[in-house]
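Structural features, examined
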Amino acid sequence: NDAAEIRSKYKYVIFCGMGGSGLSVQTVKTIFGENSGVKMYSLRTTDPAVIGDILAEIAAQEQGSLDKALPRTLIIPISKSGTTLETRTHKEYFEKLYAAKNLDITEHMWVMTDKGSPLDTGVYKQREIQLNKKGDVGGRFTSPTTRIFLLPLALSAPDKVFDVLIKAR
């Protein structure tokens, strides 16, 4: 179970996605909160100030040390096509940041994309967006039955996942 693995290894998760990908994560946070000990962030902009604010907040929770926070952080770029420029830019930014801190980014990044997309390189753990491993759900329709919605939900309110799927059906 991905949520259990995340809870066991990380304290912070930064989901990097535009449009429905970012909004799904934010919707989960708004409706269900963050109750699992994992703090979730929805990075939906390339504004350097927003990225800086997220990193500053994570560092503040670790005695002001980004060096202490990054090993406890998972980055999840999300792009159905694997070509979303903003998501690719986020991915590259975090790759450079972790390299500068001499941290192995492959331990701190998963990608959520369709099988065979440019993000599905085999370098990172890859999670397909759809549970049925098809790519026929349009990007803006990612809630509530794809991993883009269900993974944050499983992190924040695991007891609600089944109910949401039954209602969506």
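Now for a look at the structure at hand. (Residues numbered from 1 in each chain as written. Predicted model: local features only at pLDDT ≥ 70, side-chain atom pairs only at ≥ 80, totals over all residues. Heavy atoms only, no water.)

1. Details of the environment of Thr89
Looking at the element boundaries, Thr89 is found in helix α5 (residues 85-100). Judged by its relative accessible area of 35%, Thr89 falls in the partly exposed class. Reaching out from Thr89, the side chain makes a polar contact with the backbone oxygen of Leu85 at a distance of 2.8 Å. (Helix = DSSP H or I, 4+ residues; strand = E, 2+ residues; numbered from the N terminus. Buried < 20%, exposed > 50% of the residue type's maximum accessible area, 1.4 Å probe, protein only. Polar contact = N/O pair within 3.5 Å; in protein donor to acceptor, adjacent residues only side chain to side chain.)

2. Some remarks on the nonpolar core
Counting 25 residues, the largest nonpolar core has Ile6, Val13, Phe15, Ile76 and Leu153 as its most contacted members. The set of elements that each furnish at least two residues to this core consists of α1 (2-9), β1 (12-16), α2 (20-32), β3 (73-77), β4 (110-112), α6 (147-156) and α7 (161-168). With seven residues, α6 is the largest single contributor of residues to this core. Apart from residues lying up to four places away in sequence, Leu153 is in contact with Val28, Phe32, Pro158, Lys160, Val161 and Val164. Membership of the second largest hydrophobic core comes to 20 residues, among which are Ile51, Ala69, Leu97 and Val111. (Core = buried A, V, L, I, M, F, W, Y, C linked by side-chain atoms within 4.5 Å. Contact = heavy atoms within 4.5 Å.)

3. Concerning the sheet that holds strand β2 (residues 39-43)
Pairing within the open sheet is parallel, and its three strands lie in the order β2-β1-β3. Sheet topology places β2 and β3 at the edges, where each strand pairs with a single neighbour. Going across the sheet, the axis of each strand differs from the next one's by a mean of 15°, ignoring polarity. Across five bridges, β1 lies against β3 in parallel orientation. The residue of β3 that forms the bridge with Val13 is Leu74. (Pairing = 2+ DSSP bridges. Axes fitted to C-alpha atoms, helices over the stretch in contact; angles between N-to-C directions.)

4. Re the layout of surface pockets
Here the largest pocket is characterised by a volume of approximately 170 Å³. What lines the largest pocket is Asn1, Asp2, Ala3, Leu131, Arg147, Leu150, Leu151, Ala154, Val161 and Leu165. Here the element with the most residues in the lining of the largest pocket is α6; it accounts for four residues. Per-class residue counts for the lining of the largest pocket are seven nonpolar, one polar and two charged. (1 Å grid on protein atoms, 1.4 Å probe; cavity = no way out; pocket = protein on both sides within 12 Å on 5 of 7 lines; lining within 4 Å. Points joined across faces, edges and corners; volume = space filled by probe spheres on them. Nonpolar A, V, L, I, M, F, W, Y, C, P; charged D, E, K, R; others polar.)

5. Here we look at the pairing of β3
Counting buried residues along β3, five of its five residues qualify, which places the element largely inside the surrounding structure. The two faces of β3 match: Thr73, Ile75 and Pro77 on one face and Leu74 and Ile76 on the other face are all buried.

Read these as spatial facts, not as claims about activity.
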